[in-house]
Amino acid sequence: GANMFFVKSVYNRSRFAKGGILTKTFGTYMLLCIAGAIVMRFVVKSSDITVFSLIILVVVFFRNYGNPLANETSLQFIYLVPEKASSKLMYAMLAGTYDTVLDLVPAFVIFCAVVGAAPLEALVWVLLFITLDFFASATGLFIEMVIPESVVPAIRAMMQMLLKILAVFPGIVILALG
């Protein structure tokens, strides 16, 4: 049924990633977190992870422009699965979130261990990363469905970025105000 969209993501990851887990995105997050840990531990000498976590949030936000959910729904194959549309979209979104968790969480845990961050604070940031990814995927899918394909791709990309930023803006304001 519809769970094949999630299973396909798990299968593709085990088939194409090194060791079944190491993707290029994982490598990017790991490199970023190791560099951040070195700077925080030896240069800044602080265990406050707020600034670095905000940088990771920005990376997660922009990485979401390679939206697997939009890629999945752009294929005609999605119409051939005899399930409710909501189930198919839910499993496709779950697959994208699964990939983000496997790519980001190990690197961020290593960062937090090296820096000596509070585990509860690290957990809250991880949940925020996952929530942002899920929300940006849903917003991206909505935008893909609303903006007609006849719009020039550059204009379409600018509209998508603007609408995603507007959608995430209330959360950014809440984060900034503390």
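Note that the coordinates shown come from a computational prediction; the quantities given were computed from them, not determined experimentally.

Enquirer: Any chance you could break down the overall build of the chain for me, citing the residues and the numbers?
Expert: Scanning the chain from N- to C-terminus turns up seven helices and zero strands. Counting from the amino terminus, helix and strand elements in the chain follow one another as α-α-α-α-α-α-α. The principal-axis extents of the C-alpha atoms in the chain amount to approximately 55 × 35 × 25 Å. Within the chain, the proportion of its 178 residues that are buried is 34%. Taking as baseline every contact in the chain between residues at least 6 positions apart, the subset at least 24 positions apart corresponds to 79%. For the chain, the exposed area adds up to about 10400 Å²; of that, 74% sits on carbon and sulfur atoms. A gap of 6 Å separates the mean positions of the 12 positive and 9 negative side-chain charges of the chain.

Enquirer: Before we move on, could you go through a nonpolar patch on the surface and cite the residues and values that matter?
Expert: On the surface, Ile-34, Ile-38, Val-39, Phe-42, Val-43, Val-44, Ile-110 and Val-114 cluster together into a nonpolar patch covering about 700 Å² of accessible area. Of all the secondary structure elements, the ones that give two or more residues to the nonpolar patch are helix H2 (24–44) and helix H5 (85–115). One can find Val-43 in helix H2. Relative accessible area serves as the criterion here: at 63%, Val-43 is assigned to the exposed category.

Enquirer: Break down the nonpolar core for me, with residues and values.
Expert: Among the nonpolar cores identified, the biggest contains 25 residues, and Ile-49, Ile-56, Phe-108, Phe-111, Cys-112 and Phe-129 are the most heavily contacted of them. Contributions of two or more residues to this core are made by H2, helix H3 (50–63), H5 and helix H6 (119–146). Excluding anything up to four places from it in sequence, Ile-49 contacts Phe-108, Phe-111, Cys-112, Val-115, Ala-117, Glu-121, Ala-122 and Trp-125.

Cut-off values and rules
Residues numbered from 1 in each chain as written. Predicted model: local features only at pLDDT ≥ 70, side-chain atom pairs only at ≥ 80, totals over all residues. Heavy atoms only, no water. Helix = DSSP H or I, 4+ residues; strand = E, 2+ residues; numbered from the N terminus. Buried < 20%, exposed > 50% of the residue type's maximum accessible area, 1.4 Å probe, protein only. Contact = heavy atoms within 4.5 Å. Areas by Shrake-Rupley, 256 points an atom, 1.4 Å probe, with all protein chains shown as cover. Lys, Arg positive; Asp, Glu negative; His and termini not counted. Charge placed at Lys NZ, Arg CZ, Asp CG, Glu CD. Patch = residues over 30% accessible without salt bridge, like charges linked within 9 Å, V, L, I, M, F, W, Y side chains within 5 Å. Salt bridge = Lys/Arg side-chain N within 4 Å of Asp/Glu carboxyl O. Core = buried A, V, L, I, M, F, W, Y, C linked by side-chain atoms within 4.5 Å.

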